[in-house]
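One letter stands for each residue in the lines below.
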Amino acid sequence: MHAIGVDIGGTKIAAGVVSAEGQILAKTVLRTDPTSAASVDDGVVAACETLLAEHEVDAIGLAAPGLIGADRATVVFCPNLPWRDHPLGELMAQRLGVTTVVENDANAAGWAESRFGVAMGLPDVLTLTLGTGLGGAIVSGGRLVRGAWGAAGEIGHFRVVPEGHRCGCGQEGCWEQYTSGSALVRTARTLVEARPERAVRLLELAGGTSSKITGQHVTLAALEGDDLAVELLTWVGRWVGEGAASLAAILDPAMVVVGGGLSAAGDLVLGPAREAFDRRLPAGGFRPMIPMEQAAMGNDAGIVGAADLART
């Protein structure tokens, strides 16, 4: 049966009709209007109605950022959209007339990788999504781990540095403060201001202003061979590997999948990540080594994962 998957972000809504085999048969993308909960809801309805006009579907899966309730219907808290205890699933089911479930966006992406992507067929998978923040998904025994209250998999808030950098969640030293696009940009700007003679290319890409440096600038400069940019991505990669090794000691996954925007840097991040992971994996010499692979589903992972989860 076909299902619609919707990936809801702070700037756009991407929706697609997805087959049971994980193939996107039709797709639409709309800009998000984040001014109110109602405006975002209207955008989701518009995207789905466009697809429903030409395709028969049995379920709709919505991938949303933030905390999703155990009922798979309520957005408890969304940092970048105006949803607070918002009954999104119920509202969409009423307006669209189709069974609708809501999933965390990182969970949806991780599920897609375990079902149809680089980890296809593996029952135990840890997925990391390196974007502005750090998201994650845990698949154990072939099932997505949601936890008692629906909040499992928030690995970005796994605390790695006591009394470390302040995090938006209210705590200090969370992993995403060292392993994310935001962490990369913060560190890059600090180093550029301290050592501008090493940052000629980064400043050039940012128009001569350190405060305008982005993660894309760092990745581009690194791909060109810029020493400082390579050093910055190596730093992030090592944090990826260090944290993943600690989680692997708890979860024992068959594979660690790394996705999100930062994964586009490829081996510039994954190389040092694998090295740190192998070095820090507990009892590494007495257990099978766990592969760490780049995600294969790209920007479609949220759509495919949300649609597939809507069927379960």
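Residues numbered from 1 in each chain as written. Predicted model: local features only at pLDDT ≥ 70, side-chain atom pairs only at ≥ 80, totals over all residues. Heavy atoms only, no water.

**Student:** Outline the overall build of the chain, listing residues and values.
**Tutor:** Across its full length, the chain carries nine helices and 13 strands. A compact globule built from 312 residues should have a C-alpha radius of gyration of about 20 Å, and the chain, at 20 Å, falls within 12% of that. Classification of the 312 residues of the chain by burial places 51% in the buried group. Residue pairs at least 24 apart in sequence account for 62% of intrachain contacts in the chain once pairs closer than 6 positions are excluded. As presented, the chain carries roughly 13,600 Å² of accessible surface, and 52% of it is formed by carbon and sulfur atoms. Each charge sign in the chain was given a centre, from 23 positive and 35 negative side chains, and these centres are 5 Å apart. (Helix = DSSP H or I, 4+ residues; strand = E, 2+ residues; numbered from the N terminus. Rg over C-alpha atoms; globule rule 2.2 N^0.38 Å. Buried < 20%, exposed > 50% of the residue type's maximum accessible area, 1.4 Å probe, protein only. Contact = heavy atoms within 4.5 Å. Areas by Shrake-Rupley, 256 points an atom, 1.4 Å probe, with all protein chains shown as cover. Lys, Arg positive; Asp, Glu negative; His and termini not counted. Charge placed at Lys NZ, Arg CZ, Asp CG, Glu CD.)

**Student:** Can you tell me about the packing of aromatic side chains, naming the residues and giving the values?
**Tutor:** How two aromatic rings sit relative to each other is given by the distance of their centres and the angle of their planes. Summed over the entire model, instances satisfying the criterion amount to two aromatic pairs. An angle of 80° between the planes, with centres 6.3 Å apart, marks the rings of Phe 158 and Trp 175 as edge-to-face. One end of the pair, Phe 158, is in the loop between β11 (143-144) and α4 (181-194); the other, Trp 175, is in the loop between β11 and α4, with 17 residues separating them in the sequence. Judged by its relative accessible area of 27%, Phe 158 is partly exposed. Both rings, one in Tyr 178 and one in Trp 239, keep their centres 4.8 Å apart while their planes meet at 35°; by these two values the pair is tilted. Of the two residues, Tyr 178 sits in the loop between β11 and α4 while Trp 239 sits in helix α7 (residues 227-251), which places them 61 residues apart along the sequence. (Phe/Tyr/Trp six-rings, centres within 6.5 Å; stacked < 30°, edge-to-face > 60°.)

**Student:** Could you give me a rundown of a nonpolar patch on the surface, with the residues and numbers involved?
**Tutor:** Taken together, the side chains of Leu 67, Val 76 and Phe 77 present a nonpolar region at the surface, about 210 Å² in accessible area. Exposure remark for Leu 67: the relative accessible area of 32% places this residue in the partly exposed category. (Patch = residues over 30% accessible without salt bridge, like charges linked within 9 Å, V, L, I, M, F, W, Y side chains within 5 Å. Salt bridge = Lys/Arg side-chain N within 4 Å of Asp/Glu carboxyl O.)

**Student:** Tell me about the nonpolar core, residues and numbers included.
**Tutor:** Counting 39 residues, the largest nonpolar core has Leu 128, Leu 202, Val 218, Val 256, Phe 277 and Met 292 as its most contacted members. Those elements that place two or more of their residues in this core are β9 (125-130), β10 (134-140), α4, α5 (200-205), α6 (215-223), α7, β12 (255-259) and α8 (267-280). In terms of residue count, α7 provides more of this core than any other element does, 10 residues in total. Non-local contacts of Met 292, meaning those with residues more than four positions away in its chain, are made with Val 240, Gly 241, Ala 244, Val 256, Val 258, Leu 270, Ala 273, Arg 274 and Phe 277. With 28 residues, the next largest nonpolar core counts Val 40, Ala 64, Met 92 and Leu 96 among its residues. (Core = buried A, V, L, I, M, F, W, Y, C linked by side-chain atoms within 4.5 Å.)

**Student:** Before we move on, could you go through the sheet that holds strand β7 (residues 84-86) and cite the residues and values that matter?
**Tutor:** In spatial order, the strands read β5-β6-β7; together these three strands make up an open sheet with antiparallel pairing. Looking at the sheet topology across the chains shown, the edges are occupied by β5 (67-68) and β7. One ladder, built from two bridges, connects strand β6 (residues 75-77) with β7; its direction is antiparallel. Across the sheet, the residue bridging to Val 75 is His 86, located in β7. (Pairing = 2+ DSSP bridges.)

**Student:** Describe the pairing of strand β2 (residues 12-18), naming the residues involved and giving the relevant values.
**Tutor:** Regular strands have side chains that alternate between both faces of the sheet. Burial runs high along β2: six of the seven residues are buried. Note that strand β1 (residues 3-8) and β2 share six bridges and pair antiparallel. Residue pairing across strands places Gly 5 opposite Gly 16, the latter belonging to β2. Linkage of β1 to β2, two consecutive antiparallel strands, is achieved through a turn of three residues. Note that β2 and strand β3 (residues 24-31) share seven bridges and pair antiparallel. Looking across to β3, one finds that Gly 16 is bridged to Lys 27.

**Student:** Outline the side chain of Glu 113, listing residues and values.
**Tutor:** Inspection of the secondary structure assignment puts Glu 113 in helix α3 (residues 105-115). No salt bridge is formed by the buried Glu 113; its nearest oppositely charged neighbour, Arg 115, is found at 12 Å. Of the polar contacts made by the side chain of Glu 113, one reaches the backbone nitrogen of Val 118; its length is 3.1 Å. At 3.1 Å, the side chain of Glu 113 and the backbone nitrogen of Ala 296 are in polar contact. (Polar contact = N/O pair within 3.5 Å; in protein donor to acceptor, adjacent residues only side chain to side chain.)

**Student:** Kindly report on unusual backbone geometry, identifying the contributing residues and their values.
**Tutor:** Backbone geometry at Glu 163 places phi at a positive 60°, although glycine is not the residue there. Residues other than glycine seldom take positive phi values, yet Asp 252 does so here, at roughly 50°. Assignment of secondary structure puts Asp 252 in the loop between α7 and β12.

**Student:** Explain the environment of Glu 172 to me, using residue names and the numbers behind them.
**Tutor:** Of note, Glu 172 is situated in the loop between β11 and α4. Each C-alpha atom, one on Glu 172 and one on Pro 162, is 6.8 Å from the other, the two residues being 10 residues apart in sequence. Among all residues touching Glu 172, those that are not within four sequence positions of it are Arg 159, Val 161, Glu 163, Gly 164, His 165, Arg 166 and Cys 167. Here the side chain of Glu 172 touches Arg 166 through a polar contact of 3.0 Å, side chain to side chain.

**Student:** How would you explain helix α2 (residues 88-96) if you had to name every residue and give the values?
**Tutor:** Residues Leu 88, Gly 89, Met 92 and Leu 96 constitute the buried set of α2. Taken down its axis, α2 places every buried residue within 95° of arc, on the same side. Residues of α2 that are buried make contact with β1, α1 (37-52), β4 (59-64), β6, β7 and β8 (100-104). Immediately downstream of α2, the backbone of Gly 97 shows phi near 75°, a positive value. (Arc of directions from axis to C-beta.)

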